[in-house]
Amino acid sequence: MKAKLKKDDTVLVVAGRERGKSGKVVRVLRERGLVLVERINMIKRHQKPAGPQSPGGIIEKEAALNLSNVMLLCASCDKPTRVGRKVLDSGSHVRVCRNCGEVVDKS
Ligand SMILES: [Zn+2]
(Lines give C-alpha, C1' and ligand atoms only; values in the text may rest on other atoms or scores of the structure.)
Protein backbone atom coordinates (compact mmCIF):
# COMPACT_ATOMS: atom_id res chain seq x y z
CA MET A 1 0.00 0.00 0.00
CA LYS A 2 1.27 3.41 -0.91
CA ALA A 3 1.18 5.91 1.89
CA LYS A 4 -0.80 8.97 0.99
CA LEU A 5 -0.02 11.01 4.01
CA LYS A 6 2.74 13.56 4.31
CA LYS A 7 4.41 15.52 7.04
CA ASP A 8 2.25 18.44 8.27
CA ASP A 9 -1.01 16.81 7.18
CA THR A 10 -3.75 16.98 9.78
CA VAL A 11 -5.11 13.54 10.52
CA LEU A 12 -7.88 12.03 12.61
CA VAL A 13 -7.28 8.86 14.57
CA VAL A 14 -10.04 6.41 13.67
CA ALA A 15 -9.05 3.35 15.68
CA GLY A 16 -7.34 2.40 18.89
CA ARG A 17 -6.77 4.13 22.20
CA GLU A 18 -6.57 7.63 20.73
CA ARG A 19 -9.62 7.35 18.51
CA GLY A 20 -11.34 10.66 17.84
CA LYS A 21 -8.26 12.80 18.36
CA SER A 22 -6.61 14.74 15.62
CA GLY A 23 -3.16 16.16 15.16
CA LYS A 24 -0.43 17.07 12.77
CA VAL A 25 1.74 14.44 11.13
CA VAL A 26 5.31 14.71 12.36
CA ARG A 27 6.77 11.85 10.41
CA VAL A 28 5.69 9.10 8.05
CA LEU A 29 7.52 5.79 8.28
CA ARG A 30 6.41 4.63 4.88
CA GLU A 31 8.23 1.33 4.70
CA ARG A 32 6.81 0.24 8.05
CA GLY A 33 3.33 1.61 7.46
CA LEU A 34 3.51 3.83 10.51
CA VAL A 35 2.92 7.46 11.23
CA LEU A 36 3.90 9.77 14.08
CA VAL A 37 1.30 12.37 15.01
CA GLU A 38 2.00 15.38 17.19
CA ARG A 39 0.87 14.86 20.81
CA ILE A 40 -1.02 11.67 19.92
CA ASN A 41 -0.26 8.30 21.46
CA MET A 42 2.27 9.69 23.92
CA ILE A 43 4.35 7.19 25.79
CA LYS A 44 6.56 7.69 28.80
CA ARG A 45 10.11 6.50 28.64
CA HIS A 46 12.33 6.17 31.63
CA GLN A 47 15.74 7.37 30.68
CA LYS A 48 18.91 6.72 32.58
CA PRO A 49 21.16 9.68 33.28
CA ALA A 50 23.85 9.89 30.62
CA GLY A 51 26.07 12.77 31.57
CA PRO A 52 25.45 16.42 32.42
CA GLN A 53 23.61 17.16 29.17
CA SER A 54 21.02 14.44 29.74
CA PRO A 55 20.12 14.08 33.39
CA GLY A 56 17.64 11.30 32.68
CA GLY A 57 14.19 10.98 34.15
CA ILE A 58 10.89 10.44 32.41
CA ILE A 59 10.54 11.73 28.92
CA GLU A 60 7.40 11.71 26.87
CA LYS A 61 7.40 11.00 23.19
CA GLU A 62 5.02 10.08 20.44
CA ALA A 63 4.63 6.40 19.62
CA ALA A 64 3.92 5.54 16.02
CA LEU A 65 0.40 4.74 14.90
CA ASN A 66 -0.51 2.37 12.13
CA LEU A 67 -1.26 4.26 8.92
CA SER A 68 -4.56 2.40 8.61
CA ASN A 69 -5.66 3.85 11.95
CA VAL A 70 -5.58 7.44 10.79
CA MET A 71 -7.41 9.34 8.09
CA LEU A 72 -6.62 12.65 6.51
CA LEU A 73 -8.73 15.52 7.82
CA CYS A 74 -9.72 17.71 4.92
CA ALA A 75 -9.26 21.42 5.61
CA SER A 76 -12.00 22.34 3.14
CA CYS A 77 -14.89 20.15 4.29
CA ASP A 78 -13.51 19.40 7.77
CA LYS A 79 -14.18 15.68 7.43
CA PRO A 80 -11.96 12.64 7.58
CA THR A 81 -11.47 11.46 4.05
CA ARG A 82 -9.69 9.11 1.77
CA VAL A 83 -7.17 10.64 -0.55
CA GLY A 84 -7.51 10.67 -4.29
CA ARG A 85 -5.13 11.85 -6.94
CA LYS A 86 -5.50 14.31 -9.72
CA VAL A 87 -3.27 15.52 -12.51
CA LEU A 88 -3.38 19.25 -13.03
CA ASP A 89 -3.23 20.97 -16.42
CA SER A 90 0.34 21.81 -15.57
CA GLY A 91 1.11 18.10 -15.38
CA SER A 92 1.77 18.00 -11.67
CA HIS A 93 0.08 15.48 -9.41
CA VAL A 94 -1.89 16.66 -6.42
CA ARG A 95 -3.85 14.90 -3.73
CA VAL A 96 -7.56 15.58 -3.53
CA CYS A 97 -10.26 15.00 -0.93
CA ARG A 98 -12.61 12.19 -1.94
CA ASN A 99 -15.45 13.94 -0.12
CA CYS A 100 -15.44 17.39 -1.58
CA GLY A 101 -12.89 17.11 -4.38
CA GLU A 102 -10.77 19.95 -3.08
CA VAL A 103 -7.00 19.79 -3.45
CA VAL A 104 -5.47 19.00 -0.08
CA ASP A 105 -1.86 19.74 -0.92
CA LYS A 106 -0.70 23.13 0.17
CA SER A 107 1.38 24.61 -2.59
ZN1 LIG B 1 -12.89 17.76 1.67
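Up top is the structure these notes are about.
In short, a report on the structure. Nothing here was measured: the structure is a model prediction, and the numbers come from that model. (Residues numbered from 1 in each chain as written. Predicted model: local features only at pLDDT ≥ 70, side-chain atom pairs only at ≥ 80, totals over all residues.)

Overview of unusual backbone geometry
Step number 1: Residue Arg 39 is not a glycine yet carries a positive backbone phi of 60°.
Step number 2: Structurally, Arg 39 can be placed in the loop between β3 (34-37) and β4 (42-47). (Helix = DSSP H or I, 4+ residues; strand = E, 2+ residues; numbered from the N terminus.)

Concerning the nonpolar core
Step number 1: With 13 residues, the main nonpolar core has Val 11, Val 13, Val 35, Val 37, Leu 65 and Val 70 as its most contacted residues.
Step number 2: Broken down by element, this core gets its largest block of residues, three residues, from strand β1 (residues 10-13).
Step number 3: In contact with Val 35, not counting residues within four places along its chain, are Leu 5, Val 25, Val 28, Leu 29, Ala 64, Leu 65, Leu 67 and Val 70. (Core = buried A, V, L, I, M, F, W, Y, C linked by C-beta atoms within 7 Å. Buried ≥ 20, exposed ≤ 12 C-beta atoms within 10 Å, placed from the backbone. Contact = placed C-beta atoms within 7 Å.)

Regarding the environment of Val 11
Step number 1: Following the sequence through the fold, Val 11 ends up in strand β1.
Step number 2: Exposure remark for Val 11: the 23 C-beta atoms within 10 Å place this residue in the buried category.
Step number 3: Through-space distance from the C-alpha of Val 11 to that of Pro 80 is 7.5 Å; in sequence the pair is 69 residues apart.
Step number 4: With residues near it in sequence (within four places) discarded, Val 11 still touches Leu 5, Ser 22, Gly 23, Val 25, Val 37, Val 70, Met 71, Leu 72 and Leu 73.

Brief notes about the pairing of strand β10 (residues 93-97)
Step number 1: Of the strand pairs in this sheet, strand β9 (residues 83-87) and β10 are connected by five bridges, and their pairing is antiparallel. Following the sheet pairing, Lys 86 is matched in β10 by Val 94. (Pairing = 2+ DSSP bridges.)

Points about the environment of Leu 5
Step number 1: Inspection of the secondary structure assignment puts Leu 5 in the segment before β1.
Step number 2: In this structure, the C-alpha to C-alpha distance between Leu 5 and Val 35, residues 30 residues apart in sequence, is 8.6 Å.
Step number 3: For Leu 5, the residues in contact, after removing those within four places along its chain, are Val 11, Val 25, Val 28, Val 35, Leu 67 and Leu 72.

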